[in-house]
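Listed here are the chains, written in short residue letters.
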Amino acid sequence: MKLVFLLLLSLPCLGLGNTQISSIFSFGNSYTDTGNLLALGSMNQTQGPVVSDFPPYGMNFFHEPTGRFCDGRLIIDFIAQAFNIPLLPPYLAHNGSYQNGANFAVSGTTGLDLSFFVERNASNPFFLNTTLDVQLEWFMELKPQLCTSFEDCRIFFRKSLFIVGEFGINDFSVAFMAGKTLAEVRSYVPYLVKTIEKAVEKLIKEGALTIVVSENVPFGCLPSVLSLYPSSNEKDYDPQTGCLIKYNELSLYQNKLLRKAVTWLRLRYPYVRLIIGEYYRPMTEFVKYPKQFGFIETPLQVCCGGGGQYNFNIIQGCGMPGVNACQNPSTYLYWDGPHLTEAAYHYIADGWLRGPYADLPILTAVTEISQSQQMWSNM
């Protein structure tokens, strides 16, 4: 399996410039943020400095911190490179052209609005008003720079790829940090999925034809979660992975509802190619079979951390003074606790582009859209 993946991973570097994608627009959190939180920090809108502005973040590929919570590139970067599109500029820190797309994702953001958490006494002082709805507002603000009429926008966006998510990690984290129970957090999930569904439908109505809707990750496999919410009962842990079962079940519940929502949207908008971008399956496979992907035998260990069972310490985390990274991040699944390494993101990105980590691979969807447009133009 590792050999097959290594062969596939070399392909994005070749580029896919002959495909019908000329711009990418991305919405999400730190799994996708390429510098927006850093921009907010420079505007003094964050609680203190942003750790992704310090080494060893960005030690690979960029060789300097870029605002990405990773040692190098993210999924969005690999997808952009696959289509020969420049790496997406962060919307809040870019003064140039957006003709090739924009990244609206902000680290730490939630899918649900601040008011939702306030009403349930589940807010916290670190909450940034950069939720999915706010990111959609930014997109609408940008739209006049891209196209000026309905027909112009329809033409422009039919050659665009939209990526929505991941959303869920921070919604769960905010609620649990506020002391909410598992049952309470589970009750929030339908609202979260409905928010994502409405956002996707909004993009469709704006002319989007190819949209990736990202699943949630296995929340119970994150070293940060394993460190912050340990259990004294060994039965709470999956014997195959070492992950916390109840938190993974929460992610599975969200993913189940999300797939139902996408199915409904597909029925309503059959001309749109909606793609489920998987996180849960690849990440659990990485944990179960780390050797097959070139990862260390203790895959829940963090590359850049401040010690402890999983090398994660919330008081002494990556980017803080005295905290060093491992010598070879490419052999690690997790970079700093909640986030993955460039190597892991590369595997997932390729799985989204060509399969198997998408129910409709992006390249297949793009080809179908292109063929459909060609058919109509010949009629």
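Procedures and definitions
Residues numbered from 1 in each chain as written. Predicted model: local features only at pLDDT ≥ 70, side-chain atom pairs only at ≥ 80, totals over all residues. Heavy atoms only, no water. Helix = DSSP H or I, 4+ residues; strand = E, 2+ residues; numbered from the N terminus. Rg over C-alpha atoms; globule rule 2.2 N^0.38 Å. Buried < 20%, exposed > 50% of the residue type's maximum accessible area, 1.4 Å probe, protein only. Contact = heavy atoms within 4.5 Å. Lys, Arg positive; Asp, Glu negative; His and termini not counted. Charge placed at Lys NZ, Arg CZ, Asp CG, Glu CD. Axes fitted to C-alpha atoms, helices over the stretch in contact; angles between N-to-C directions. Parallel < 35°, antiparallel > 145°, perpendicular 65-115°, else oblique. Nonpolar A, V, L, I, M, F, W, Y, C, P; charged D, E, K, R; others polar. Salt bridge = Lys/Arg side-chain N within 4 Å of Asp/Glu carboxyl O. pLDDT = per-residue confidence, 0-100. Core = buried A, V, L, I, M, F, W, Y, C linked by side-chain atoms within 4.5 Å. Pairing = 2+ DSSP bridges. Disulfide = S-S within 2.5 Å.

## What to know about the overall build of the protein
If you tally the helices and strands in the protein, you get 13 helices and five strands. Here the protein has a C-alpha radius of gyration of 20 Å; the compact-globule value for 379 residues is 21 Å, and the two agree. C-alpha extents for the protein along the principal axes are approximately 65 × 50 × 40 Å. For the protein, the proportion of its 379 residues judged to be buried stands at 57%. Relative to all contacts within the protein whose residues are 6 or more apart in sequence, the contacts with residues 24 or more apart total 74%. Averaged over its 26 positive side-chain charges, the protein has a centre that lies 7 Å from the centre of its 31 negative ones.

## Some thoughts on unusual backbone geometry
In this structure, the amide linkage connecting Pro55 to the following residue, Pro56, adopts the cis form with an omega of 10°. With respect to the secondary-structure elements, Pro56 resides in the loop between helix 2 (36-42) and helix 3 (75-82). A cis amide bond links Gly355 to the next residue, Pro356, at an omega of 10°. The phi dihedral of Phe61 is positive, around 65°, even though this residue is not glycine.

## Quick notes on the packing of helix 5 (residues 132-146) against helix 6 (residues 150-157)
It is at 10 Å that the axes of helix 5 and helix 6 come closest, and there the two elements cross at 100°. Of the possible angle classes, the one that applies to helix 5 and helix 6 is roughly perpendicular. Judged by residue contacts, Phe139, Lys143 and Leu146 of helix 5 engage Cys153, Phe156 and Phe157 from helix 6. Within the contact of helix 5 with helix 6, the residues separate by chemical class into five nonpolar, no polar and one charged.

## Structural notes on the pattern of salt bridges
What the rule picks out here adds up to 15 salt bridges. As a salt-bridge pair, Glu342 and Arg73 come within 2.9 Å of each other at their nearest N and O atoms. With Glu342 in helix 12 (residues 342-354) and Arg73 in the loop between helix 2 and helix 3, the pair connects residues that are 269 residues apart, well separated along the chain. Take Glu342 and Arg73: they sit in the same class, and that class is buried. A salt bridge links Arg259 to Glu215; the shortest N-O distance between them is 3.0 Å. Placement of the pair is Arg259 in helix 10 (residues 245-268) and Glu215 in the loop between strand 4 (210-214) and helix 9 (223-228), with a sequence separation of 44 residues. Classification of Arg259 by relative accessible area gives partly exposed; the value is 31%. You can call Glu215 buried: its relative accessible area is 4%.

## Describing the confidence of the model for the protein
Overall, the prediction assigns the protein a mean pLDDT of 92, with 92% of residues at 70 or greater. Scored below 50 in pLDDT, residues 1-18 shows 34 contacts in the model against residues more than four places distant or in partner chains.

## Concerning the nonpolar core
Ranked by internal contacts, the top residues of the largest apolar core, which has 126 residues, are Phe25 and Ile211. Counting residues per element, this core draws most heavily on helix 8 (residues 182-205), at ten residues.

## Details of the sheet that holds strand 3 (residues 160-164)
The parallel open sheet is built from five strands, whose spatial order is 2-1-3-4-5. The two strands at the open ends of the sheet, each matched to only one other strand, are strand 2 (101-103) and strand 5 (273-277). Put simply, the sheet's adjacent strands are angled 20° from each other on average, direction ignored. Bridge count for strand 4 against strand 5 is five bridges, and the pairing is parallel. Across the sheet, residue Ile211 finds its bridge partner in strand 5, namely Leu274. Helix 8 contacts strand 1 (23-27), strand 3, strand 4 and strand 5 of the sheet and is inclined by roughly 170° relative to strand 4.

## Quick word on the environment of Ala175
Here Ala175 is to be found in helix 7 (residues 169-177). For Ala175, a relative accessible area of 0% translates into the label buried. Spatially, the C-alpha atom of Ala175 lies 13 Å from that of Tyr247, the residues being 72 residues apart in sequence. Not counting residues within four places of it along the chain, the set of residues in contact with Ala175 comprises Lys180, Val185 and Tyr188.

## A few points about the state of the cysteines
According to the stated counting rule, one finds four disulfides in the structure shown. The residue that forms a disulfide with Cys147 is Cys153, at a sulfur-sulfur distance of 2.0 Å. Judged by the sign of its S-S torsion, about 95°, the cystine formed by Cys147 and Cys153 is right-handed. In terms of burial, Cys147 and Cys153 fall into one category: buried. Put simply, Cys303 and Cys326 are joined by a disulfide, and their sulfur atoms are 2.0 Å apart. The disulfide joining Cys303 to Cys326 has a torsion of about -95° about its S-S bond and is therefore left-handed. Taken as a pair, Cys303 in the loop between helix 11 (280-288) and helix 12 and Cys326 in the loop between helix 11 and helix 12 lie far apart in primary sequence, 23 residues in all. You'll find Cys303 and Cys326 in the same group, each marked buried. Look at the protein and number its bonded cysteines as they come in the sequence; the links are 1-2, 3-4, 5-8, 6-7. In this structure Cys70 is not part of a disulfide, and its nearest cysteine sulfur, from Cys303, lies 9.8 Å away.

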